[in-house]
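Summary of the model geometry
Residue strings, one per chain:
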Amino acid sequence: MYVAVKGGETAIAHSLELLADRRRGDREVAELTVQQIDQQLSLAVDRVMTEGSCYDRALAALAIKQARGDLIEAIFLLRAYRTTLPRFGVSEPLDTSRMLAERRISSTFKDVPGGQMLGPSFDYTHRLLDFALLAEGERPTAPTAPSDTSPELPRVGDILQREGMLEPPPAEGSGEDLTRAPLTLPASRPVRLQNLARGDEGFLLALGYSTQRGYGNNHPFVGEIRFGAVPVSFQPEELGFAIEIAEIDVTECDMVNQFKGSHDVPPQFTRGYGLAFGHAERKAMAMALVDRALRAEELSEAATSPAQDEEFVLSHSDNVEASGFVQHLKLPHYVDFQSELVVVRALREAVEARRRQAGLSQAAE
Amino acid sequence: MPDGAYNYAYLDEQTKRMIRRAILKAVAVPGYQVPFGGREMPLPYGWGTGGIQVTAAIIGHDDTLKVIDQGADDTTNAVSIRRFFARVANVATTTRTSEASIIQTRHRVPETPLSEGQILVFQVPIPEPLRMLEPRETETRTLHALAEYGVMQVSLYESVTRHGRIAKTYNYPVLVNGRYMMSPSPIPKFDNPKLDRNPALQLYGAGREKRIYAVPPYTSVKSLDFDDHPFEIETWSECCALCGSSESFLDEMIVDDSGKRLFVCSDTDYCEARRK
């Protein structure tokens, strides 16, 4: 009569097996290697590293493979691994003016010291499906100019800043780390930036877009976007000076925004900042727009739009948190639902009784 | 999974220490939500990461763990969490309430009365009882500091005026030790009276929201109400179809296409013990 609809160990085990089977797909088709994902789905790897807060191409590629290409699931896998790693210190701040840039553009000046480089970009592709990719066959290597060995590539923002036209970046960083301490509000700008850097690209994209459509507009210009390799330096306590320990690819976006000035500050341009691992311009730009929008209060602007609402943005940007909580609705809730059934039935009975009573007294009249 | 690659009970010792400090503070200030550096767990947020971190921080080789979801030991997520601890903490597990030293739960308090020395760990989705009335953390923090809970009383009053009774059924707000308003997590209000002066320690973990709070043994936990609308719990006219209990929380099941219903205990261990 009564069959308990409850999944036991066996059901879970079978589900896991089936998942692994589906991940592999048709055995007639060659299995993907992690190297292939790293090399040929490199922008997916970049996104997983950025939102997973862990710069490791091989692990990110593995996560993508394990997650069957579900990037949010891959980000979750990488984060859950990252959290178990020991921390041996904090690196020196990246100096992106030392970047070996592969791409660098500015939309505020026709020419900038160091020049503009398009680099590899989707920007001017015509979005026509390239059926040639269906066929196998090697592609010739793209010709490249000898790399510019000039060590410094000054940032456009720094040039504007010298003139006093653009506010300087904040001098101090902070030792705060969202992955070790809970978010407290109001948050400092470094914490906000960490939150945004880890935040979901789609969420930030939509919020950044909303500012452009008038929900907290901050009149942005792309001061500069650059992508390339920067050295990571670390100063071991016992050494007393910094040593280079790695080189990582990052995308940096310095957004220049109009600012009419406030009581204390003369009119000048202000900054929104975006930084992402790998090549991720959409993310870096969206992040820069939202960063600037979140500075509304600091710059004495009226904060009336969602993108300017620190608590709203920071509390909902994380896709691992959001994905988990949205999907927890799949878990059984039948106890709560039973409580609701009991009370809704009682409320309905009360209403019915009132109606009957009203009907009776009407009939009596 | 190379289990040897992970520390005992998954979390590293520094993290456990940090969580234990938060727990101690929570016990010292009953009902107060202590922020803690919640970690990313290998299970999804919203699926018990807070409870899992609390359990991981307090569990040891001598413990016996029971995990329930909706009162049952064999619901999938309870099975999954129990499996997790059996794997990473190599701990003995049980389904018997009386045999467990730690009981991690979602949405229920066991029917069998708990005793001194036992710890009940709640999985909490939204730790802030005022959240649905005031979405801003910056505001609710101030309301707690000032013990300014009028907004909740008004909301219950509105329920009375609209429905003729307090229609809140689960996650029913309580006042702990006469000071802090607390969310009992989404347990049915049926379980609220069990929280009051319970001999066991109650720990509440909210992973996504990164908060821990606690109710120490024998602490007063009062469900909010009005003099003319006293707090009351759910009742059923049926009794359990399996064990005949008329005192336990009953789950309702639809057993055929015509909508025929059957009521059984939500607490599987309690029900089984009564049938023996």
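So, how was this worked out
Residues numbered from 1 in each chain as written. Chains lettered and ligands numbered in written order. Predicted model: local features only at pLDDT ≥ 70, side-chain atom pairs only at ≥ 80, totals over all residues. Contact = placed C-beta atoms within 7 Å. Helix = DSSP H or I, 4+ residues; strand = E, 2+ residues; numbered from the N terminus. Nonpolar A, V, L, I, M, F, W, Y, C, P; charged D, E, K, R; others polar. Pairing = 2+ DSSP bridges. Axes fitted to C-alpha atoms, helices over the stretch in contact; angles between N-to-C directions. Buried ≥ 20, exposed ≤ 12 C-beta atoms within 10 Å, placed from the backbone. Domains from an automatic or database assignment. Left-handed = near helix turned anticlockwise from the far one by under 90°. Core = buried A, V, L, I, M, F, W, Y, C linked by C-beta atoms within 7 Å. pLDDT = per-residue confidence, 0-100.

**Overview of the interface of chain A and chain B**
- Taken together, the contact pairs 38 residues of chain A with 47 residues of chain B.
- Those elements that provide at least two residues to the side of chain A that touches chain B are helix H1 (9-24), helix H5 (71-82), helix H11 (319-327) and helix H12 (334-364) of chain A.
- When residues in the side of chain A that touches chain B are grouped by element, the largest group, eleven residues, is from H12(A).
- Along the lines of polarity and charge, the residues of the side of chain A that touches chain B split into 19 nonpolar, eleven polar and eight charged.

**Digging into the sheet that holds strand E7 (residues 180-182) of chain B**
All names here are of chain B.
- Across the sheet, which stays open at both edges, the three strands sit in the order E7-E6-E10 with antiparallel pairing between neighbours. The open sheet has two edge strands with one neighbour each: E7 and strand E10 (221-223). Within this sheet the neighbouring strands show an average axis-to-axis angle of 35 degrees, counted without direction.
- Relative to E10, strand E6 (residues 174-176) is paired through three bridges, and the arrangement is antiparallel. Bridge pairing in E10 places Val176 opposite Val221.

**Here we look at unusual backbone geometry**
- Across the junction of Leu185(A) and Pro186(A), the peptide omega takes the value -5 degrees, indicating a cis bond.
- Non-glycine residue Ala147(B) carries a positive phi angle of around 50 degrees.
- Looking at where Ala147(B) falls in the secondary structure, it is placed in the loop between helix H4 (137-145) and helix H5 (150-163).
- Given 12 C-beta atoms within 10 Å, Ala147(B) falls into the exposed group.

**Thoughts on the domain arrangement of chain B**
Residues and elements named next belong to chain B.
- Segmenting chain B into domains produces domain 1 (3-127 + 172-222) and domain 2 (234-276).
- Between domain 1 and domain 2, the contact holds 15 residues from the first and eight residues from the second.
- Of the residues that constitute the side of domain 1 that touches domain 2, the class distribution is four nonpolar, five polar and six charged.

**Some thoughts on the packing of helix H7 (residues 189-198) of chain A against helix H9 (residues 281-293) of chain A**
All names here are of chain A.
- In contact at an axis separation of 10 Å, H7 and H9 are set at 145 degrees when each is read in the N-to-C sense. Considering how the two elements wind past one another, H7 and H9 form a crossing that is right-handed. Contacts between H7 and H9 involve Arg192, Leu193, Leu196 and Ala197 from the former and Met287, Val290 and Asp291 from the latter.
- Classifying every residue of the contact of H7 with H9 gives five nonpolar, no polar and two charged.

**Remarks on the nonpolar core**
- If you look at the biggest cluster of nonpolar residues, it comprises 60 residues, and the most contacted ones within it are Ile23(B), Ala26(B) and Ile212(B).
- Beyond its immediate stretch of four places on either side in the chain, Ile212(B) contacts Ala22(B), Ile23(B), Ala26(B), Val34(B), Phe36(B), Val54(B), Tyr204(B) and Gly205(B).
- Counting residues in hydrophobic clusters, the runner-up holds 58 residues, among them Cys54(A), Leu207(A), Leu275(A) and Val313(A).

**Some details on the confidence of the model for chain B**
- In this model, chain B carries an average pLDDT of 94, and 99% of its residues clear a pLDDT of 70 or more.
- The ipTM for the predicted assembly is 0.88, set against a pTM of 0.91.

**So, the confidence of the model for chain A**
- Residues with a pLDDT of 70 or more make up 97% of chain A, whose mean pLDDT is 90.
- In the predicted structure, residues 1-5 of chain A sits below a pLDDT of 50 and forms five contacts with residues beyond four places in sequence or in another chain.

**A few points about the domain arrangement of chain A**
Residues and elements named next belong to chain A.
- One can read the domain layout of chain A as domain 1 (9-82) and domain 2 (96-120 + 150-168 + 179-317).
- Here the C-alpha centre of domain 2 lies 29 Å away from the C-alpha centre of domain 1.
- Residue-level contacts link nine residues of domain 1 with twelve residues of domain 2.
- Partitioning the side of domain 1 that touches domain 2 into residue classes produces four nonpolar, two polar and three charged.

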